[in-house]
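# Tertiary structure, described
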Protein chains: 2
Amino acid sequence: MIRAFGGSGTGHAKGVLGMAMTTVNNGVNVQALLDAREALKGAPQAAKFTWRASCKWRNGTHSQAKVKGFFGLGEEQQHKTETTFEADHPEIFASEDKGITPIEYVLVGLASCLTAGVAAVAQNRGIQLRSVESQLEGKMDIRGILGIDSDVRNGYDDIKVTFKIDADASKPEIEAIVAQSQKRSAVYDVITNPVNVTVEVV
Amino acid sequence: MIRAFGGSGTGHAKGVLGMAMTTVNNGVNVQALLDAREALKGAPQAAKFTWRASCKWRNGTHSQAKVKGFFGLGEEQQHKTETTFEADHPEIFASEDKGITPIEYVLVGLASCLTAGVAAVAQNRGIQLRSVESQLEGKMDIRGILGIDSDVRNGYDDIKVTFKIDADASKPEIEAIVAQSQKRSAVYDVITNPVNVTVEVV
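Residue positions are given per chain, counted from 1 along the sequence in the order it is written. Note on labels: chains are lettered from A, ligands numbered from 1, in written order. For this predicted model, a pLDDT threshold of at least 70 governs which residues receive local features, and a threshold of 80 or more governs which side-chain atom pairs are given and counted, while totals over whole chains, interfaces and linings are taken from all residues. To obtain the side-chain values, all non-hydrogen atoms of the structure were used and water was disregarded.

### Here's the deal with the overall build of chain A
Helix and strand counts for chain A stand at four helices and six strands. Seen in sequence order, chain A has helices and strands lined up from the N terminus as α-β-β-β-α-β-β-α-α-β. Of all intrachain contacts in chain A linking residues separated by at least 6 positions in sequence, the fraction that spans at least 24 positions is 50%. Carbon and sulfur atoms form 48% of the exposed surface of chain A, whose accessible area is close to 8,800 Å². Counting from the N terminus, the helices are the DSSP runs of H or I reaching at least four residues and the strands are the DSSP runs of E reaching at least two. In what follows, residue pairs with any heavy atoms lying within 4.5 Å of each other are defined as contacts. For every accessible area listed, the method is Shrake-Rupley and the probe measures 1.4 Å; residues are considered covered only by the protein chains on display.

### Some words on the relation of the copies chain B and chain A
What relates the pair of chain copies is a rotation about an axis plus a shift along that axis. The two copies are related by a screw motion: chain B maps onto chain A through a turn of 180 degrees and a shift of 0.0 Å along the axis, at an RMSD of 0.0 Å. Taken together, the rotation and translation describe the operation of a two-fold axis. Least-squares superposition of the copies uses the C-alpha atoms of those residues scoring a pLDDT of at least 70 in each of them.

### Looking at helix H1 (residues 30-41) of chain B
Residues and elements named next belong to chain B. In this analysis, the expected span of each helix is defined as 1.5 Å times one less than the number of residues it contains. Taking 1.5 Å per residue, twelve residues should reach 16 Å; H1 reaches 17 Å between its end C-alpha atoms and fits that length. Only protein chains enter the area calculation, which uses a 1.4 Å probe; residues under 20% of their type maximum are buried, those over 50% are exposed, and those in between are partly exposed. Of the residues making up H1, those classed as buried are Val-30, Ala-32, Ala-36 and Leu-40. One side of H1 holds all its buried residues, which, seen down the axis, span an arc of 155 degrees. Elements that come into contact with the buried residues of H1 comprise helix H2 (102-124). Note: the arc covers the axis-to-C-beta directions of the helix.

### Some details on the pattern of salt bridges
Residues and elements named next belong to chain A. A carboxyl oxygen of Asp or Glu within 4 Å of a side-chain nitrogen of Lys or Arg is what we treat as a salt bridge. In total, this model carries 22 salt bridges over all chains according to the counting rule given. Residues Arg-130 and Asp-166 are paired through a salt bridge, measuring 3.1 Å at the closest nitrogen-oxygen approach. Taken together, the positions of Arg-130 in strand E4 (residues 129-141) and Asp-166 in strand E5 (residues 158-167) put the pair 36 residues apart, joining distant regions of the chain. By relative accessible area, Arg-130 is classed as partly exposed at 45%.

### A closer look at unusual backbone geometry
If you check the backbone angles, A:Asp97 has positive phi at about 55 degrees while not being a glycine. Residue placement: A:Asp97 occurs in the loop between strand E3 (75-87) and helix H2 (102-124).

### Let's talk about the interface of chain B and chain A
If you look at the interface, chain B gives 123 residues, while chain A gives 124 residues. Values labelled buried area give the accessible surface lost by two parts on being combined, using a 1.4 Å probe and summing over both. Together, B:Trp51, B:Trp57 and B:Ile92 form the three largest contributors to the area buried by chain B at its contact with chain A, with a combined 8%. Inspection of the region where chain B meets chain A yields eight salt bridges. Across the salt bridge formed by A:Asp141 and B:Lys48, the nearest N and O atoms sit 3.8 Å from each other. N or O atoms closer than or at 3.5 Å make up a polar contact, with two conditions inside protein: a donor-capable atom paired with an acceptor-capable one, and, for residues adjacent in sequence, both atoms drawn from side chains. Counting the contacts that link chain B with chain A gives 56 residue pairs in polar contact (both at pLDDT 80 or more). If you tally residues by element for the side of chain B that touches chain A, the top one is H2(B), at 16 residues. Note on residue categories: nonpolar means Ala, Val, Leu, Ile, Met, Phe, Trp, Tyr, Cys or Pro, charged means Asp, Glu, Lys or Arg, and polar means any other residue, Gly included. A per-class count over the side of chain B that touches chain A returns 61 nonpolar, 34 polar and 28 charged. Note on pairing: two strands pair once DSSP finds at least 2 bridges between them. In the sheet, strand E6 (residues 196-201) of chain A pairs with strand E5 (residues 158-167) of chain B via six bridges, with the strands oriented parallel. Looking at E5(B), one finds that A:Val201 is bridged to B:Phe163.

### Some details on the packing of H2(A) against H2(B)
Axes here refer to lines fitted to C-alpha atoms; in helices the fit is confined to the stretch in contact. Angles between the N-to-C directions go from 0 to 180 degrees. Two elements in contact, H2(A) and H2(B), have axes separated by 8 Å at closest approach and are oriented at 175 degrees. Classed by the angle they form, the pair H2(A) and H2(B) counts as roughly antiparallel. Counting all contacts with H2(A), which are made through A:Pro102, A:Tyr105, A:Val108, A:Gly109, A:Ser112 and A:Cys113, the residues of H2(B) involved are B:Pro102, B:Tyr105, B:Val108, B:Gly109, B:Ser112 and B:Cys113. When its residues are assigned to classes, the contact of H2(A) with H2(B) shows eight nonpolar, four polar and no charged. Reported orientations rely on four angle classes, namely roughly parallel under 35 degrees, roughly antiparallel over 145, roughly perpendicular from 65 to 115, and oblique for the rest.

### Looking at the sheet that holds strand E2 (residues 62-72) of chain B
Strands pair in a sheet through their backbones, by hydrogen bonds, and they do so in one of two ways: parallel or antiparallel. In spatial order, the strands read E3(B)-E2(B)-E1(B)-E4(A)-E5(A)-E6(B); together these six strands make up an open sheet with mixed pairing. The open sheet has two free edges, formed respectively by strand E3 (75-87) and strand E6 (196-201) of chain B, since each of these has just one partner strand. Taken over all neighbouring pairs, the strand axes of this sheet differ in orientation by 15 degrees on average, direction set aside. Packing of H2(A) onto the sheet brings it into contact with E4 and E5 of chain A together with strand E1 (48-59), E2, E3 and E6 of chain B, and relative to E4(A) it is tilted by some 150 degrees. Seen against the sheet, helix H3 (residues 171-183) of chain A touches E5 of chain A together with E6 of chain B and runs at an angle of roughly 155 degrees to E6(B).

### Some thoughts on the sheet that holds strand E1 (residues 48-59) of chain A
The strand order E3(A)-E2(A)-E1(A)-E4(B)-E5(B)-E6(A) describes an open sheet built from six strands, whose pairing is mixed. Every interior strand has two partners, whereas the edge strands, E3 and E6 of chain A, have only one. Averaged over all neighbouring strand pairs, the angle between strand axes comes to 15 degrees, with direction disregarded. Against the sheet, helix H3 (residues 171-183) of chain B makes contact with E6 of chain A together with E5 of chain B, and its axis sits at roughly 155 degrees relative to E6(A), the strand it touches most.

### Re the environment of A:Asn124
All names here are of chain A. If you trace the backbone, Asn-124 turns up in helix H2. The spacing of Asn-124 and Val-30 is 94 residues in sequence and 6.1 Å in space, taken between C-alpha atoms. Apart from residues no more than four positions distant in its own chain, Asn-124 is found in contact with Val-30 and Leu-34.

The values reported here are purely geometric and, on their own, carry no functional implication.
The following block contains the structure:
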């Protein structure tokens, strides 16, 4: 059983002569991820994860979602704490704005997924990051959700992500890190490609 | 300029003889939404929305996203408060679990979008809801994000949403409400269909 991806090393190292070297430390344990890659090559069943959320309607368009447990590495797992998220529609939609709009959660997920990827890829490439900031914009024509025009889609027409990164690297190196992050991003994949969703009532 | 979708009526009504009638009240101002639909038919420019999030890398795979302003109905809008969201990878990925995993935010968005839709559609159909609960599961093979097998996608293979709804309606009526919510859900559309995402470094 693979219980976790490894210890707490984060890229500090000593040189061959035992002298402390200045090494890159973005706080990502890349060695653990590389070890996990090797371990999971021979244990594909352990790589099957199930992520979960539960949601309760409160009133109007306001609901509350909770995230705590998930399944992976062959067994039930738990986040350290259960997190609760409020969602609602804004006041201009005649709602009470008791949380962000559901469609905005998609941007939160995309931003954080690409950002984690940037940190991991930079660590793997030996590039020290100083700051990583991003702005996301998702354009949507609400004539879709209001059912005004069936040619207008309900969701985003397009999403633009703009990164501003300060790192010990050239612009092309930074761009290559961001490109690699996109290439391995779970949320980027979910948004840019179709996912099968089944909805049931019990 | 359309400033908002309407007042605060939520479906209470008086009968033709002035007697109070028992009416359905799910807390959704459907009349405002119907009025907005009429208004936006003649003002497609006002229907163009831009939703936004910003994100800052903290350390390792931990980042912090904020949501406050958006653009719609022809002008800048603000949520009542700015909301901050923490994202990280779990401890079994050798991370610190300082927030939920980015891919879990997608489930939060989907759950809350479908739930708001259920409330709005039920209101429009004159069906009183008592409770709406849902459980979401997204299956993902992490050999994708780890780059073990290029045939394995990075994101969800599939997502299952299970609703449990207590309402003054038959099972087929409840199923029809959920189906209509899916049909008009922005997040459901984003997940089940491709969205163009552009990523830039400035």
